[in-house]
Amino acid sequence: MRRRFFARNLLSFLLPTMIPILLLGSFSFFIVQTSIKKEVETNNNLTLTQMRNSTELIFSEIDTLSNNFCLNGRFVSKLKTLLESDSVDYDNANIQRWFSDIINASANAKPYIHSIYVYYETNKPNMFVSNRGITDISHYPDQHWYEQYQNAENTQTFLEARCVRSYNFEDPGTPVITIYNPLYSPGSVTADGMLVMNIRCSYIEQMLSASDGSQTVFLLDQTGNLLAKGSIEQPDHEELDFEKLVSLPEATSPIWLNEKHYVVSRMSSNRYDISYFSVSDYSHIYRLPITLIRITAALLIVSFVSSVLIAWSITRKNYRQLYRTLEIFERAEAGLPLNPPDKHDAGAYDYIQQQIIRTFVEQNYLRLQLEAKKHHARSLELTALQAQINPHFLFNTLKTIFWKAVALTGSNNDVSRMIEQLSEILQYSISPSSTLVTLEEEIQNTKNYILLQKVRYQNQFEVIWEYDDELLSQKVIRLLFQPFIENAIYHGCRNTDQKCFIRIRIYLRNETLFISIIDNGAGISGENLRQIRQKLNGYISDEEMASHIGLVNTSKRLQLFYGEDACVHIASKLGFGTYIHFKIPAASNTGNTKD
C-alpha cells in the first residue's frame, strides 16, 4: 500500500513540474538559437563586406599606376630608356625626376604603401624603386619579387604575403602584402614588365581588427596561405586548419577545427584569388542557448529530486496519520485512554484526530476547568479583601498610637512625628496602584520616607533633589523613587564609612521625563551587576536573585505602565558608587491618567 501511495504522489508532483520546464526550456532554446544564428549571419556578412571593400580599395591603388604604363606608350618608352641607360645626363635626370614624382607621390601620400617597384625587361637588370630611383636588382635586398616574376605562369594580378627588406641590415624586415601586376607595352599582348606594390600588413590587420571582439577576420589566398588577420587574442590562428577553411562554401556554418567548435563565415573577393573569413568561438556565440540548456537540465534535476522528497514525505505522513486514526478508533472502542496527538501532524487527518479527542474528553475537561476557575476567583476575591483590611487596620492602629504618644508627653515628640510620617506613607501606599499622582506628591511622600530612614541610620546619608518647579505638576506612578533610595541606602550607604550623598535629578526633554539616581556608596561588584542587569532584562527569576527586589519590581512596573522604553538602566563600579537612570513619557503622553 505504501508503494502505491508513493507512486501516485510522485506522479502528481512530477508531471506538473517537469513537463512545463521541459517545454519552456526547449522552446526557449530553439527560439534563441534561431535568432542568434540569423543575427550572426547578418553581422558576419556585413563585417566581411566592409572588410572586403576597405582592403580592395587599398589594393586598387595599383590600377591607377598600371594605367599610366599600359596606356601611355611614350611614358613606357622613356622609362625603358632610363632603365637601360649607363649614364645619367641632363635629359635622363629630368626624366628620372619626373618618374620619381609620379611614383613617390603615390607611395608617400598613402600610409599603407610600403614601397613600389617598376620593372621592364631591358638589356640591363634595373628597376625603379620608390624613394630610391633606379636600382640594380642584384644589389637590392628584396629579390624575391623578381623570382616570382620569372616563375609566374599567369598574366593576372596576384597577391602574396611576405617580408620586405629595403636595406641589408633590416632583419627580419617589414611584413607586407605584395600585389603583382603584369605590365604590357602599348600594342603588346605579352607582359614584358611587372608593377609591384608592397602594402603594409599592419595597416590591413588594423582594419581587420575593427570587427566585433567575438570574432577574428582572416585574409587567405586560394591555397590557404595566410595574408593577414585581425590582431585580437582568440581564436589563435595557429590552431586553425586554413586548408580546410578555403574548402568551405560561401556561407556561415559551424565546424570543428582541431577539436574545437567554431562558427565560420566566408566571402570571396570579386577580383583577386583571395577570401575573407570570420571565425568565432561557438561557445561564445551560442553561450545563451548553452546556458538555457544547462539551466533547464538543472531545473529538471531539482524538480525530480524535490518531487521525490515531497512525495516520500507526504506518503510517510499520510500513512502515519491513517495508522493513528485507526488506533484512536480501536482504543476508544476498548475504553482505553487516548494517546496525545502528534504535534507534527497537520491537515485533514489531524483535524479528525482532534475532533475525536475533543469529543472523548470534553465533558470531564470542561467540568474540571470550571471548578478550577471558581477556585481561582474565590482566591483572588479573598486576597483583594485581605489587601484592603490589613493596610486600613495598620493605618488606624498607627493613628491610635500617635495620639497616645502625644497624650503621654502633652505635645509632639520624635516618636509621634515618626508615627505620623509612617502613617502618611502607609495612607499614600494603600491607594489604588493604577492611580497616577503628581510629581510633587511623589516627592513629598519620598521625603517622609527619607526622614524615617535618617532617624534609623543617624544621618549617615544626604539626599539632593535637582528639578524644575514647573515639573511638579507632571503625573507619575506611585512609589517611584522609594525603591531606588532604599536600594542606595541599604546596598550603598550602609556599607561605607564616609557620608553618602544620593542625588536625584529630574528634567524634561522632547516630551519625555528623564530621571537619574546617583550615589557615591560602596558600589556593586561586576558579577552582581551582571546578575542585576539579567534580572532587569528578564533572564533570571526572582528565586535566583533575592537581593535588589525593589529595584527589579519598580523596573517591571515602569515597563508595564509606560512600555519597554521605560526599562531601568544601571551602571556601577565597586568603591565608587552607582548610577541608575530611566525615562518615562510626560503627562500628555501617559496611557493611564486616572485620578
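Structural data are supplied above this passage.
Residues numbered from 1 in each chain as written. Predicted model: local features only at pLDDT ≥ 70, side-chain atom pairs only at ≥ 80, totals over all residues. Heavy atoms only, no water.

Asker: I keep staring at the layout of surface pockets and nothing clicks. Help me out?
Answerer: It is the rolling of a water-molecule-sized probe over the atoms that shows where space remains empty. Empty space within the largest pocket amounts to approximately 380 Å³. Thr157, Phe158, Leu159, Asp221 and Asp273 are the residues nearest the centre of the largest pocket, which is lined by 18 residues in total. Counting residues per element, the ones that place at least two in the lining of the largest pocket are β4 (158-164) and β8 (226-229). Here the element with the most residues in the lining of the largest pocket is β4; it accounts for four residues. In terms of residue class, the lining of the largest pocket is made up of eight nonpolar, six polar and four charged. (1 Å grid on protein atoms, 1.4 Å probe; cavity = no way out; pocket = protein on both sides within 12 Å on 5 of 7 lines; lining within 4 Å. Points joined across faces, edges and corners; volume = space filled by probe spheres on them. Helix = DSSP H or I, 4+ residues; strand = E, 2+ residues; numbered from the N terminus. Nonpolar A, V, L, I, M, F, W, Y, C, P; charged D, E, K, R; others polar.)

Asker: Is there a simple way to explain the environment of Thr174 in this structure?
Answerer: Within the secondary structure, Thr174 is located in strand β5 (residues 174-183). When the C-alpha positions of Thr174 and Arg200 are compared, they lie 7.5 Å apart, and in sequence the two are 26 residues distant. Aside from chain neighbours lying at most four places away, what touches Thr174 is His114, Arg162, Cys163, Val164 and Arg200. (Contact = heavy atoms within 4.5 Å.)

Asker: It is not clear to me how the state of the cysteines should be interpreted in this structure. Could you clarify?
Answerer: Formally, a disulfide is one covalent bond, and it connects the sulfur atom of one cysteine to the sulfur atom of another. Evaluated as defined, the whole model comprises one disulfide. With its sulfur 2.3 Å from that of its partner, Cys493 forms a disulfide with Cys500. Linking Cys493 and Cys500, the disulfide has an S-S dihedral of approximately -45° and is accordingly described as left-handed. Per residue, the accessibility class of Cys493 equals that of Cys500, and both read buried. (Disulfide = S-S within 2.5 Å. Buried < 20%, exposed > 50% of the residue type's maximum accessible area, 1.4 Å probe, protein only.)

Asker: What exactly am I supposed to notice about the pattern of salt bridges here?
Answerer: By the definition in use, this model includes seven salt bridges. For the salt bridge of Asp63 with Arg271, the shortest nitrogen-to-oxygen distance reads 2.3 Å. Note that Asp63 is positioned in helix α2 (residues 61-70) and Arg271 in the loop between β10 (260-268) and β11 (274-281), a separation of 208 residues in sequence. Residue Arg271 is classed as partly exposed on the basis of its relative accessible area of 42%. Put simply, Glu466 and Arg503 hold a salt bridge, and the shortest N to O gap is 2.2 Å. Here Glu466, found in strand β13 (residues 461-466), pairs with Arg503, found in strand β15 (residues 500-509); they are 37 residues apart in sequence, far enough to count as distant. Among the ionic contacts, a cluster of salt bridges with common partners joins Lys454, Glu462 and Lys499. (Salt bridge = Lys/Arg side-chain N within 4 Å of Asp/Glu carboxyl O.)

Asker: Help me out: how do you make sense of the pairing of β13 in this one?
Answerer: Strand residues, when the strand is regular, have side chains that alternate between the two faces of the sheet. In β13, alternate side chains face the same way, and those of Phe461, Val463 and Trp465 are buried while those of Glu462, Ile464 and Glu466 on the opposite face are not. Sheet analysis places β13 next to β15, joined by six bridges and oriented parallel. In the sheet register, Ile464 faces β15, and the bridge partner there is Arg503. (Pairing = 2+ DSSP bridges.)

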